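Remarks on the overall topology
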Amino acid sequence: MDEQRETLQRIVSTLANKNDEIHNFIDMLNHTIKNVQVNSSNVISGLDEEFDGLYSILDEMKGSMANTIQQEEAHKIQALQDQLSQCSNALESSEELLELAAQSLDIKDPVEFLKAARQIKDRVTMASAFRISLKPKVSDSMTHLMVDFALEKRMLQAVKFLPVPKPPEIDLAACLVADNCITVSWKMPEEDSRIDHFVLEYRKTNFDGLPRVKDEQRWELIDYIKATEYTLSGLKFDTKYINVRVQACNKAVAGEYSDPVTLETKAFVFSLDSTSSHLNLKVEDTYVEWDPTGGKGQEKIKGKENKSRSGVPSPKRTSISARSSARGSRDRFTGESYTVLGDTAIESGQHYWEVRAQKDCKSYSVGVTYRNMGKFDQLGKTNSSWCIHINNWLQTTLSAKHNNKTKTLDIPVPDRIGVYCDFDGGQLAFYNANSKELLHTFRTKFTQPLLPGFMIWCGGLTVSTGLQVPSAVKTLQKSENGLSGSTSSLNNIA
């Protein structure tokens, strides 16, 4: 009995779910029917507008051409009326002269007759009837203003609904990812003169292959692209990949999207680790600011917490390729080590990030360090950290520091500093991020994972991550490879 009841309950549940699905489908069908009605009405309205536009153009052309015919008619009539008036005047004068000549024939006096005959002869010689043309100045033909719309009629009869554009084809070989820019190139599968513009959509993702429906960011849209190539610039590469797709549009309708392609956007992304930063530093994501009042009221609690930890963590605790494992695994910096580290370690490859200091920043350092940096240590003063230091007190100085050795650099301090780290190649280079001028290069052999490191006093720093190694830096590094330069005195083989 119980089993039958459970079976019946399952059947009821299944039927209820199926009923819900059918109800939802019915709602969707009703919604679709309404959409069909609305869209059909919109299309008919658009059709009316297009035909009204044609009618308007035809009416305008008809009026203009009729006006031309009327002007030609008026011109010809005026010319013929002028000629008719001249002929009427000449005829009237000729009739008067004819009557006078007939009367002169009755004169008996020879002297008077000769006089009258001479006058008539002179008047006949000057008579307008003998000087006017008896050919019409214009013809009565109007055939030069006739029209034949046979071709246009055939064109109108051939008018059809606009075809939906076919999906473009993205040329993956012609696409380029460089300098945090993505150039996307595509082509139409066949020539289509009705294409008005293209729409490009892109979205960031951490999944390779085809885009997923769930757990994805929304598509970003670039509209009204007239060419078959577009460059997305100024991107932050904070995901592993980016999906792109393209859509062709004519005047009335947009076609289907192209098959999406996935482009790799490899870059070094990290945030600042607030869990181990000095208490006098206010840290938020990629921004750090000196705060002389920071940590007051918390020092006792933090002091007890720090006493229970080892001052120098073991290098063996460095499986920190993931961001989460870099946090909370070391003591907070204290004393005069106003330091904050990045939360993601570098274990291989080439990486690049940039730093911008506030204009009133008095003193700061930018570099890298091993994880074993002590809580009282300062960047560049240990054999496991490398940095450049900027001092903006009485005068501005720029120097390179490593293993407590300092080399003054006679170079203006840039607004933005670019940091290039080639872990496998053993190079750490600093650049003017604007001009890509090389400031200094450390060459060594890195034996442990590196963390980005920053020291600051009186001021603030903004770190830009998610950047690819710039092409200009790659070119400079190629020319620098094999040259030790003048920095060997600061390099230490770890």
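As shown above, the structure is provided for reference.
Since the structure is predicted, the reported quantities are computational estimates derived from the model, not experimental observations. Note that residues are indexed from 1 along each chain, following the sequence as it is written. Totals for whole chains, interfaces and linings use every residue, but because this is a predicted model, local features are given only for residues with pLDDT of at least 70 and side-chain atom pairs only at 80 or more, for both listing and counting. Side-chain metrics rest on all non-hydrogen atoms present in the structure, leaving aside hydrogens and water.

The definition of a nonpolar core used throughout is a set of buried Ala, Val, Leu, Ile, Met, Phe, Trp, Tyr and Cys residues joined through side-chain atoms within 4.5 Å. Think of it in three bands: residues with accessible area under 20% of the maximum for their type are buried, residues over 50% are exposed, and the middle band is partly exposed, with areas taken using a 1.4 Å probe on protein chains only. Judged by nonpolar contacts, the single largest core of 38 residues is most densely connected at W353, Y364, L428, F430, L450 and F454. Runs of E in the DSSP output that reach at least two residues are strands. Runs of H or I that reach at least four are helices, and both are numbered from the N terminus. Looking at this core, the element that brings in the most residues is strand β14 (residues 363-370), giving 4 residues. W186, L235, F237 and V261 belong to the second largest nonpolar core, which has 19 residues in total.

Strand β3 (residues 181-187) sits mainly inside the fold: 5 of its 7 residues count as buried. At least two DSSP bridges between two strands are needed for those strands to be called paired. Across 2 bridges, the pairing between strand β1 (residues 169-170) and β3 is antiparallel. By the bridge assignment for β3, I170 is matched with W186. Between strand β2 (residues 176-178) and β3, which pair antiparallel and follow one another directly, the connecting turn spans 2 residues, one of which, D179, has a positive phi of 55°. Pairing between β3 and strand β6 (residues 229-232): 4 bridges, direction antiparallel. Among the inter-strand pairings, I182 is bridged to a residue of β6, identified as L232.

Another point: the sheet that holds β14. Pairing within the open sheet is antiparallel, and its 6 strands lie in the order β12-β21-β14-β15-β16-β17. With one partner strand each, in any of the chains shown, β12 (339-341) and β17 (405-409) form the two edges of the open sheet. Mean inter-strand twist for the sheet, computed between neighbouring axes without regard to direction, equals 20°. Two strands pair when backbone bridges link them, and strand β15 (residues 385-392) and strand β16 (residues 396-402) are joined in this way by 7 bridges, in the antiparallel orientation. Residue pairing for β16: N392 is matched across the bridge by T396. Fitted lines through C-alpha atoms serve as axes, helices being fitted only where they are in contact, and the angles separating the N-to-C directions of these axes extend from 0 to 180 degrees.

Along the chain, S363 turns up in strand β14. Taking the relative accessible area as the measure of exposure, S363 reaches 13% and is therefore buried. Leaving out residues up to four positions away in the same chain, S363 has contacts with H389, I390, M455, I456 and W457. Whether two residues touch is decided by their heavy atoms; if any such pair falls within 4.5 Å, the residues are in contact.

Rolling a probe over the atoms, with the probe sized like a water molecule, indicates the empty space that remains. Using protein atoms alone on a 1 Å grid, points that fit a 1.4 Å probe yet trap it form a cavity, whereas open point sets bounded by protein on both sides within 12 Å along at least five of seven lines form a pocket; residues with an atom within 4 Å of a point count as lining. Grid points are joined across faces, edges and corners, and a volume is the space filled by probe spheres set on the points. For the structure shown, the criterion picks out 1 cavity of 30 Å³ or more. Considered as a void within the structure, the largest cavity measures approximately 30 Å³ in volume. Under the grouping applied here, Gly and all other residues not named as nonpolar or charged are polar, the nonpolar ones being Ala, Val, Leu, Ile, Met, Phe, Trp, Tyr, Cys and Pro and the charged ones Asp, Glu, Lys and Arg. A per-class count over the lining of the largest cavity returns 4 nonpolar, 2 polar and 2 charged.

Any carboxyl oxygen of Asp or Glu that lies within 4 Å of a side-chain nitrogen of Lys or Arg is treated as forming a salt bridge with it. For the structure shown, the criterion picks out 9 salt bridges. Among the salt bridges present, the one from E190 reaches K166, with a minimum N-O distance of 3.2 Å. One end of the pair, E190, is in the loop between β3 and β4 (197-205); the other, K166, is in the loop between α3 (150-157) and β1, and 24 residues separate them in sequence.

Centres within 6.5 Å are what make two rings of Phe, Tyr or Trp a pair, Trp counting through its six-membered ring; a difference in plane orientation under 30 degrees is then read as stacked, over 60 as edge-to-face, and the rest as tilted. A complete count under the given rule lists 13 aromatic pairs for this structure. We count a charge as sitting over a ring when the NZ of a lysine or the CZ of an arginine lies within 6 Å of the ring centre and within 35 degrees of the ring normal. Above the face of the W219 ring, R245 is positioned so that its terminal group lies 4.1 Å from the ring centre. A cation over an aromatic ring shows up here: K362 above the ring of W393, its NZ or CZ 5.6 Å from the ring centre.

What follows is about the sheet that holds strand β22 (residues 460-467). In spatial order, the strands read β10-β11-β22-β13-β18-β19-β20; together these 7 strands make up an open sheet with antiparallel pairing. Looking at the sheet topology across the chains shown, the edges are occupied by β10 (281-284) and β20 (438-443). Neighbour-to-neighbour, the strand axes of this sheet turn through a mean angle of 15°, independent of strand direction. As judged from the 5 bridges shared by strand β19 (residues 427-432) and β20, these two strands associate in the antiparallel manner. Of the residues in β20, the one forming a bridge with F430 is H440.

Within β22, 6 of the 8 residues are buried, which leaves it mostly tucked inside the rest of the structure. Judged from the 3 bridges that link them, strand β11 (residues 287-290) and β22 form a sheet pairing that is antiparallel. Along β22, the bridge assignment pairs V288 with L461. Across 5 bridges, strand β13 (residues 350-357) lies against β22 in antiparallel orientation.

This part is about the packing of helix α1 (residues 2-104) against helix α2 (residues 110-126). Where α1 meets α2, the axes come as close as 10 Å, and the angle between the chain directions of the two elements is 160°. Here α1 lies roughly antiparallel to α2, going by the angle between them. Along this stretch, α1 crosses α2, giving a crossing that reads as left-handed. Counted together, L97, L100, A101 and S104 of α1 and F113, A116, I120, R123 and V124 of α2 form the full contact between these two elements. Each angle gets one of four labels, with under 35 degrees taken as roughly parallel, over 145 as roughly antiparallel, 65 to 115 as roughly perpendicular, and the rest as oblique. With the far helix as reference, a near helix turned anticlockwise by less than a right angle produces a left-handed crossing, and one turned clockwise produces a right-handed crossing.

Any functional reading would require information beyond the geometric quantities listed.
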